[in-house]
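# Understanding the architecture of this molecule
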Amino acid sequence: MAPRVTPVLGVTSSILGQPWRWRALAADGRQGWGDDDLVTQLLLARGAPREALDLHRTPSIRGFMPDPSVFRDMDRAAQRLADAVEAREKIAVFGDYDVDGATSAALMILVLRALGVEAIAYIPDRLLEGYGPSGDALVRLAREGASLIVTVDCGAQAFEALEAAHAAPVDVVVVDHHKCASALPVAHALVNPNRLDEAEDAAAHGHLAAVGVCFLLAAALVRTLRARGFFADRPEPKLIDHLDLVALGTVADVAQLRGLNRAFVTQGLKVMAQRRNIGLAALIEASRLTRAPTCSDLGFALGPRINAGGRVGRANLGVRLLTTRDPEEARTIAVELDRLNDERRQIEAGVQEAAEAMADTGRRVVVVSGDGWHPGVIGIVAGRLKEKLGRPVIVIAVDEKGVGKGSGRSITGVDLGNAVIAAKEAGLLAAGGGHAMAAGLTIGAGDIAAFADFLEDKLAVTVDRARDDRALLVDAVLATGGVNPALVESLEVGGPYGTGWPAPRVAAGPVRIIRADVVGNGHVRCIVAGDDGRSLKAMAFRAAETPLGQALLGAAPHRKLWLAGRAKLDDWGSRPAAELHIDDAAWAD
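First, a word on scope: everything that follows refers to the structure included in this document. (Residues numbered from 1 in each chain as written. Predicted model: local features only at pLDDT ≥ 70, side-chain atom pairs only at ≥ 80, totals over all residues. Heavy atoms only, no water.)

## A look at the overall build of the protein chain
Under the convention used in this document: A run of H or I in DSSP counts as a helix once it spans at least four residues, and a run of E counts as a strand once it spans at least two, with each numbered from the N terminus. Radius of gyration: C-alpha atoms only; globule rule: 2.2 Å multiplied by the number of residues to the exponent 0.38. Only protein chains enter the accessibility calculation, which uses a 1.4 Å probe. A residue is then buried if its area is under 20% of the maximum for its type, exposed if over 50%, and partly exposed in between. Contact criterion: two residues are considered in contact whenever any of their non-hydrogen atoms come within 4.5 Å of each other. Computed by Shrake-Rupley with a 1.4 Å probe, the accessible areas treat only the displayed protein chains as cover when residues are assessed. Counted charges follow a simple rule, with Lys and Arg positive, Asp and Glu negative, and His plus the chain ends left uncounted. Here the site of a charge means NZ on Lys, CZ on Arg, CG on Asp, or CD on Glu.
Summing up its helical and strand segments, the protein chain has 20 helices and 18 strands in all. What you see for the protein chain is a C-alpha radius of gyration of 24 Å, in line with the 25 Å of a compact globule of 589 residues. Projecting the C-alpha coordinates of the protein chain onto the three principal axes gives extents of approximately 75 × 55 × 55 Å. Out of the 589 residues belonging to the protein chain, those deemed buried represent 56%. Taking all contacts inside the protein chain whose residues are at least 6 apart in sequence as the whole, residues at least 24 apart take part in 65%. Surface summary for the protein chain: the accessible area is close to 24,800 Å², and the carbon and sulfur share equals 50%. The protein chain carries 66 positive and 73 negative side-chain charges, and their two centres are separated by 4 Å.

Given below as structure tokens:
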């Protein structure tokens, strides 16, 4: 019989209407793991087996790296690449225009460069060519002399394009991580842990971003060349030096930070701190980061700037930045990406306002579309709406020809990628694919209503179940004074945190609101005081118009609240102080 779950602080329905539950439960339903230290509790609560705590405490590549040969077609792909390297063939790397695509392409180009081959980079224009390889582009690369094309972060659903390449003829190696259909496109090799015919050992790595799969292919390539004696008179490339790219692509693609991905990010941040990649060093400078980048910086500072090139600028800027040998070129591109990121923010704000106005919140899956919306920002807008509405969202930009480009974001427990593939197989989409939490598609404007109905029918039960299971998970309850720099430092030891390895959440209080106001883009800033006599700065981001923000702004001076959120270090002052980034609140009286 399952133990009865006791709500944290007795909160069964918070201001945002959700119960608070302990992330870690002992066998009898009590909080925590007995006498374990804080970091051990954090690791266990995130699924680390007790017998493997040391492995998860200091995640290393050696500790989590699988034998690349467990993946279907990996050895075949490595053999073909090795043949091309030895014969000095002309190789083209065809990547997606997002961060995962840019870092995947850059990784392959840098590894091949170290092996003596200067590969061509091809990144399609989002507006003119759309997502993934086209037959025209692949055939053109073949006519320009490429005898081998490697597609990265795309290709798993490119049936027609790969048929055209096969007929050209040119060999294509597909390296992807998006959901596959039961049938696979024709290719010399198709490496993807999400192939439906993958063995269990390989399928267990289905959470890898494409850049992670590329790293495994690079390892297999080096191993193949080593066995052939290729390095008898030359040094082997140091793949570890490129983990900064793997970390950036993994975090920016919102891949789950567990197992190998967590090792990639842990070690990649160490490499990034050394600023070995000229382009990344310039981007860090353009992002005005004066310290070593953190996991959060990858997702909120560096990733968006790389993305800005593909969204509202020139699609190949990211790859050019990450592969350049010229520091001056790197600085020029980094400054341009920073400018484009500001432009992207302005475009995004307009699309988001329009999308919010037309969102039908009575639907389990929200589908919104607009004529003339910029397709470069629809993924970001879908993510924002998903967070605000708590349900899957697809945003579709329709051009003057009546063709819609859509991007979707999902909630935990709802596989949006599979649903989009099913809609494509049902004839509702011209193209579509993705993974559990995100998807992209192409659709005729006249089919949007039928597509929305299809998703509603297919996912309604799953969405309801996922929303019913929603709860705010808490790791610890503290007095106000307990949220301090020492706590933040202790919590960070269990990181890096991200999707699939969530940052610790603490509940603090009870507190009274001393001051609350709106700052920036709808953020609520508070100063609160606890019963222990200590005060604390707290922020609720983009919350001004939500029930949470209204409660914080309108709380009477005598009313007390429990606050739940992430403890962060505020290092703007003369000495570091802790602050709380509020996720939710509940009345304490």
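## Considerations on the sheet that holds strand 6 (residues 189-191)
We count it as follows: Here, a strand pair is defined by DSSP locating no fewer than two bridges between the strands. Whenever a helix is involved, its axis is fitted only over the stretch in contact; in every case the axis is a line through C-alpha atoms, and angles between N-to-C directions fall within 0 to 180 degrees.
Ordered in space as 3-2-4-5-6, the five strands form an open sheet in which the pairing is parallel. Every other strand in the sheet has two partners, leaving strand 3 (120-122) and strand 6 as the edge strands with one partner each. Strand after strand, the sheet turns through a mean of 20° between neighbouring axes, direction not considered. Relative to strand 3, strand 2 (residues 91-95) runs parallel, the two sharing three bridges. Looking at the pairing, V93 lines up with A121 of strand 3.

## So, the packing of helix 12 (residues 278-286) against helix 13 (residues 295-312)
Keep this limit in mind: Our angle categories are set so that under 35 degrees counts as roughly parallel, over 145 as roughly antiparallel, 65 to 115 as roughly perpendicular, and the remainder as oblique. In this scheme the crossing of two helices becomes right-handed for a clockwise turn of the near helix relative to the far one and left-handed for an anticlockwise turn of less than a right angle. By the convention adopted, Pro, Cys, Tyr, Trp, Phe, Met, Ile, Leu, Val and Ala count as nonpolar, Lys, Arg, Asp and Glu as charged, and the other residues, Gly among them, as polar.
In the contact formed by helix 12 and helix 13, the axes pass within 10 Å of each other and the chain directions differ by 110°. Taken together, the axis directions place helix 12 and helix 13 in an arrangement best described as roughly perpendicular. In the crossing of helix 12 with helix 13, the sense of the turn from one axis to the other is right-handed. Together, L283, I284 and A286 of helix 12 and L302, R305 and I306 of helix 13 make up the contact between the two elements. Here the contact of helix 12 with helix 13 is composed, by residue class, of five nonpolar, no polar and one charged.

## Describing helix 7 (residues 159-167)
Formally: Of all possible arcs, the one meant is that of the directions from the helix axis to the C-beta atoms.
If you check which residues of helix 7 are buried, you get A161, L162 and A165. Buried residues along helix 7 cover an arc of 90° about the axis, so they all sit on one side. Turned more than 90 degrees off the buried face of helix 7, the exposed positions are E160, H166 and A167. On its buried face, helix 7 is in contact with helix 6 (135-143) and strand 5 (171-175).

## Points about the state of the cysteines
Stated formally: Sulfur atoms of two cysteines make up a disulfide when they are within 2.5 Å.
Under the definition given, this model contains zero disulfides. In this model C214 remains outside any disulfide bridge; the closest cysteine sulfur is found in C154, 9.7 Å from its own. Judged by relative accessible area, which is 0%, C214 ranks as buried. C295 forms no disulfide, and the closest cysteine sulfur to it belongs to C214, at a distance of 20 Å.

## Here we look at empty space enclosed by the protein
Over the atoms rolls a probe the size of a water molecule, and in doing so it shows where empty space is left. Our working definition: In the cavity and pocket records, a cavity denotes points on a 1 Å grid over the protein atoms alone where a 1.4 Å probe fits but cannot get out, a pocket denotes an open set with protein on both sides within 12 Å along at least 5 of 7 lines, and lining residues are residues with an atom within 4 Å of a point. Grid points are joined across faces, edges and corners, and a volume is the space filled by probe spheres set on the points.
Scanning all chains against the criterion turns up one cavity of 30 Å³ or more. If you trace the largest cavity, you find it lined by D96, Y97, D98, A102, I123, I306, G309, G310, A315, G318 and V319. Listing elements by their share of the lining of the largest cavity, those giving two or more residues are helix 13 and helix 14 (317-323).

## Focus: the layout of surface pockets
Each pocket or cavity is described by its volume, and for the second largest pocket that value is around 220 Å³. Lining the second largest pocket we find 13 residues, and of these M65, F215, A219, R226 and L239 sit closest to its centre. Per element, the largest residue contribution to the lining of the second largest pocket is five residues, and it comes from helix 9 (residues 210-227). Among the residues making up the lining of the second largest pocket, the classes are represented as ten nonpolar, no polar and three charged.

## Some points on the pattern of salt bridges
Pairing between side chains of opposite charge can happen when their charged atoms approach one another. Using the following cut-off: We count a salt bridge whenever a side-chain nitrogen from Lys or Arg sits within 4 Å of a carboxyl oxygen from Asp or Glu.
Taken as a whole and assessed by the stated rule, the structure comprises 38 salt bridges. Measuring nitrogen to oxygen at the nearest pair gives 2.8 Å for the salt bridge that ties R363 to D453. Remark: D453 occurs in helix 18 (residues 448-468) and R363 occurs in the loop between helix 15 (327-358) and strand 7 (366-371); sequence separation between them is 90 residues. Given a relative accessible area of 36%, D453 falls into the partly exposed group.

## Comments concerning the packing of aromatic side chains
Each aromatic ring pair is characterised by the separation of its centres together with the angle its planes make. Our working definition: Between rings of Phe, Tyr and Trp, where Trp is taken as its six-membered ring, a pair exists when centres lie within 6.5 Å; planes separated by under 30 degrees are stacked, by over 60 edge-to-face, and by other angles tilted. Charge over a ring is defined by NZ of Lys or CZ of Arg lying within 6 Å of the ring centre and within 35 degrees of the ring normal.
Across all of its chains, the model carries three aromatic pairs by this definition. Ring geometry for F215 against F264: centres 5.4 Å apart, planes inclined by 70°, an arrangement best described as edge-to-face. Highlighted residues: F215 in helix 9 and F264 in helix 11 (residues 260-273), separated in sequence by 49 residues. Using a relative accessible area of 0% as the deciding quantity, one classes F264 as buried. One cation-aromatic arrangement involves R559 over W587; the distance from NZ or CZ to the ring centre is 3.9 Å.

## Considering the nonpolar core
Keep this limit in mind: Definition of nonpolar core: a set of buried residues of the types Ala, Val, Leu, Ile, Met, Phe, Trp, Tyr and Cys, connected through side-chain atoms within 4.5 Å.
One finds L81, I91, L112, I306, L552, L561 and L563 to be the most contacted residues of the largest nonpolar core, which totals 129 residues. At twelve residues, the largest contribution of residues to this core is made by helix 9. If we skip the residues at most four places from it in the chain, L552 touches I513, A516, V524, C526, A540, L561, L563 and I582. Listed in part, the 20 residues of the second largest apolar core include I411, A419, L429 and F451.

## A word on the sheet that holds strand 7
Sheet architecture is open: five strands sit in the order 7-8-9-11-10, paired in mixed fashion. Of all the strands in the sheet, just strand 7 and strand 10 (431-435) have a single pairing partner and so form its edges. Within the sheet, the average angular offset between the axes of one strand and its neighbour, ignoring direction, is 15°.

## Focus: the environment of L107
Residue placement: L107 occurs in helix 5 (residues 99-114). On the basis of relative accessible area, L107 is assigned to the buried category, the value being 0%. Along the backbone, L107 and V518 are 411 residues apart, and their C-alpha atoms lie at a distance of 43 Å. Setting aside its immediate chain neighbours within four residues, L107 contacts V211, C214, F215, H242, L245 and V246.

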